[in-house]
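# Secondary and tertiary structure notes
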Amino acid sequence: MSRTTFTFRPLDPLSDAELVHAWVTHPKAAFWMMQDARLEDVERAYMEIAADEHHHALLGLADGVPAFLMERYDPAQRELVGLYEPRPGDVGMHFLTPATDTPVHGFTRSVITAVMAHLFEDPAVARVVVEPDVSNTAVHRLNEAVGFVPEREIQKPEKKALLSFCTREQFLAAAGVTA
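Rules behind the numbers
- Residues numbered from 1 in each chain as written.
- Predicted model: local features only at pLDDT ≥ 70, side-chain atom pairs only at ≥ 80, totals over all residues.
- Heavy atoms only, no water.
- 1 Å grid on protein atoms, 1.4 Å probe; cavity = no way out; pocket = protein on both sides within 12 Å on 5 of 7 lines; lining within 4 Å.
- Points joined across faces, edges and corners; volume = space filled by probe spheres on them.
- Helix = DSSP H or I, 4+ residues; strand = E, 2+ residues; numbered from the N terminus.
- pLDDT = per-residue confidence, 0-100.
- Buried < 20%, exposed > 50% of the residue type's maximum accessible area, 1.4 Å probe, protein only.
- Arc of directions from axis to C-beta.
- Contact = heavy atoms within 4.5 Å.

Bringing the layout of surface pockets into the picture now. The volume enclosed by the largest pocket comes to roughly 790 Å³. What lines the largest pocket is a set of 32 residues, among which Phe31, Trp32, His94, Phe95 and Leu96 lie closest to the centre. Put simply, the parts of the chain that give the lining of the largest pocket at least two residues each are α2 (39-50), β4 (90-96) and α4 (137-145).

This part covers the confidence of the model for the protein chain. Scored by pLDDT, the protein chain comes out at a mean of 93, with 97% of its residues at no less than 70. Mean pLDDT across the elements of the protein chain ranges from a minimum in α4, with 93, to a maximum in strand β5 (residues 127-130), with 98.

Our next topic: helix α1 (residues 17-24). When we look at burial in α1, the residues that qualify are Ala17, Val20, Trp23 and Val24. Taken end-on, α1 shows its buried residues confined to a sector of 125 degrees, consistent with a single buried face. Summarising the contacts, the buried residues of α1 are in contact with α2, β2 (55-62), β3 (65-73) and β4.

With that settled, the discussion passes to unusual backbone geometry. Working note: non-glycine residues mostly have negative phi, and peptide bonds are mostly trans. In this structure, methionine 33 takes a positive phi of about 60 degrees despite not being glycine. By the secondary structure assignment, methionine 33 is in the loop between α1 and α2. The backbone phi angle of glutamate 79 is positive, close to 65 degrees, even though this residue is not glycine. Considering the arrangement of structural elements, one finds glutamate 79 in the loop between β3 and β4. Residue classification places glutamate 79 among the partly exposed positions, given a relative accessible area of 31%.

Here's what the structure looks like:
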């Protein structure tokens with residue numbers, strides 16, 4: 001089996017909106033909380049992110065084809081303000097692999113591994129912070145597989161979340177890479 005090459009590019013809020021709209025409104029993406037979004041809502045949401053110096057949306061490509069969505073944010077400025085004590089080098093992350101009629105075993109784990117590797121390519125990143133819905137057990141398993149350690153449940157305005165952290169060392173150990 002050939003290895004998939006993952007690359008990342010900034011999401012274009014207008015030209016990528018139709019694709020992303022299909023992804024975020026699918027029932028599989030319920031935890032993305034955009035089920036009822038119209039195309040214009042998706043465009044607006046990602047234009048706001050594009051204009052925000054503390055939040056970035058990236059399209060993940062698998063062998064050059066759009067295959068997943070990734071968001072990177074500063075948790076001291078967005079999403080987690082006042083909910084935990086941020087450290088220098090913390091970066092927040094969300095990712096979404098779209099529903100497919102032809103699932104590939106291990107694809108989502110490969111995606112989260114690529115996302116984490118991409119984040120840690122930045123030498124300023126010391127720790128990745130995530131806050132998935134407490135009931136999203138599938139993503140908890142994926143997070144654990146790449147080195148995340150749950151700290152505690154927190155109450156966000158839109159959900160009860162499981163605050164979890166992964167240091168560079170924890171990710172490398174989970175990925176089987178020795179420093």
